[in-house]
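# A structural walkthrough
Spelled out, the chains give:
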Amino acid sequence: MLEDLKQEVYEANMQLPKLDLVTFTWGNVSGIDREKGLFVIKPSGVAYEDMQPSDMVVVNLKGEVVEGDMNPSSDTPTHTYLYNHFKTIGGITHTHSPWAVSFAAAKLDIPAVSTTHADTFFGDVPCAPALTDEQIKEGYELNTGKVIVDEFDKRHLDPDAVPAVLVSQHGPFSWGPTPDKSVYNAKVLEVSAEIAYHGLQMTRDEIHVPQYLLDKHYYRKHGKNAYYGQDNAKSKDHAAHE
Ligand SMILES: O=C(CO)[C@@H](O)[C@H](O)COP(=O)(O)O
């Protein structure tokens, strides 16, 4: 079942060590077949060099394993929650990449301070709040997903415009239309976090990129303005400035 998707998710997971995004097994990538309502995720705790496409685990949107001999990633409840609530995404990556985790440890958003960031993320990448004791008792991974979605709802953020988040004291989750794209976004996030950290250390000045730059990059990437639909007069006005 889903052999092509297993191959695609396997190859995306193999990128994590190659891109220096993981230590040991501290990362996972999944991909979804929306028509079948099933997603594929790497097995938990298996070294990347020992992993095979056939080891990938197939999970339904209730988070139940429907095929696979190994346990799915321990972050499967979070992937499940995100696929159920962010309907446009096709792949999710989670890592413990150190620069992004440093901002998560400090409970800080990653500020948009460079075009490196703005080319991929339309604005600051939010840090979702730490889970309460009750949420942890209810189920850490499940509530990690809920905390992410609640934070995006609270900030009125479009997950396609900002395809990543930090979970306090845990680390980054990124997503995209494909597993491969979610890994790309994870790497851009890590590089952006390192740039932001150094920029913030070097000056007390305001270093956010100007809003028009975020708008411009979003327009170039999505062919529409973040705040306006295609048919809005302002978007034509905005396009005139491209
Ligand atoms: O933070 C944690 C565990 O505490 C997880 O993110 C694991 O690091 C992911 O490992 P897999 O279960 O995917 O192998």
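Note that the coordinates shown come from a computational prediction; the quantities given were computed from them, not determined experimentally.

Moving on: helix H5 (residues 133-155). In this model, H5 (23 residues) spans only 23 Å end to end at C-alpha, well below the 33 Å of a helix rising 1.5 Å per residue. Gly139 marks the point of greatest bend in H5, at about 115 degrees. If you follow the buried residues of H5, they end up packed against helix H2 (76-85), strand S6 (127-128), strand S7 (164-167) and strand S8 (171-176). Backbone geometry just after H5 places His156 at a positive phi near 55 degrees.

All chains considered together, the criterion is met by 8 salt bridges. For Arg220, the salt bridge identified is with Asp119, shortest N-O distance 3.1 Å. Here Asp119 lies in the loop between helix H4 (115-118) and S6 and Arg220 lies in helix H7 (residues 211-222), a separation of 101 residues in the sequence. In this structure, a network of salt bridges that share partners links the residues Asp109, Glu151, Lys154 and Arg155.

A separate point is the UniProt feature "domain: Class II aldolase/adducin N-terminal" (unreviewed entry) in the protein chain. With numbering aligned to this structure, UniProt lists the feature "domain: Class II aldolase/adducin N-terminal" (unreviewed entry) at residues 7-197. Measuring from the first to the last C-alpha atom of residues 7-197 gives 36 Å, for a span that is 40% helix and 18% strand.

A few words on the packing of helix H1 (residues 3-18) against helix H6 (residues 179-202). Running from N to C, H1 and H6 cross one another at 15 degrees; their axes reach a closest spacing of 9 Å. Taken as axis vectors, H1 and H6 run roughly parallel relative to one another. As H1 packs across H6, the resulting crossing turns out to be right-handed. Listed contacts from H6 to Glu8, Val9, Ala12, Gln15 and Leu16 of H1 are Pro179, Asp180 and Val183. Split by residue class, the contact of H1 with H6 holds 5 nonpolar, 1 polar and 2 charged.

With respect to spatial proximity, the complete set of residues near the ligand consists of Thr25, Trp26, Asn28, Lys42, Ser44, Gly45, Ser73, Ser74, Asp75, His94, His96 and His170. Here Asp75 contributes a side-chain N or O atom positioned 2.7 Å from an oxygen atom of the ligand. One nitrogen or oxygen atom from the side chain of His170 is found 3.0 Å from an oxygen atom belonging to the ligand. Partitioned by chemical class, the residues of the shell around the ligand number 1 nonpolar, 9 polar and 2 charged.

Attention now moves to the pairing of S7. Of the two faces of S7, the one holding Ala164 and Leu166 and the one holding Val165 and Val167 are both buried throughout. Examined bridge by bridge, S6 and S7 share 2 bridges and lie parallel to one another. Looking at the pairing, Cys127 lines up with Leu166 of S7. Note: S7 against S8, 4 bridges, orientation antiparallel. Its bridge partner being in S8, Val167 is matched across the sheet by Gly171.

About the criteria used
Residues numbered from 1 in each chain as written. Predicted model: local features only at pLDDT ≥ 70, side-chain atom pairs only at ≥ 80, totals over all residues. Heavy atoms only, no water. Helix = DSSP H or I, 4+ residues; strand = E, 2+ residues; numbered from the N terminus. Expected span 1.5 Å × (residues − 1). Bend = angle between axes of the 7 residues up to and from the residue. Contact = heavy atoms within 4.5 Å. Salt bridge = Lys/Arg side-chain N within 4 Å of Asp/Glu carboxyl O. UniProt positions renumbered as here; feature names shortened; annotations may be inferred. Axes fitted to C-alpha atoms, helices over the stretch in contact; angles between N-to-C directions. Parallel < 35°, antiparallel > 145°, perpendicular 65-115°, else oblique. Left-handed = near helix turned anticlockwise from the far one by under 90°. Nonpolar A, V, L, I, M, F, W, Y, C, P; charged D, E, K, R; others polar. Near = heavy atom within 4 Å. Polar contact = N/O pair within 3.5 Å; in protein donor to acceptor, adjacent residues only side chain to side chain. Buried < 20%, exposed > 50% of the residue type's maximum accessible area, 1.4 Å probe, protein only. Pairing = 2+ DSSP bridges.

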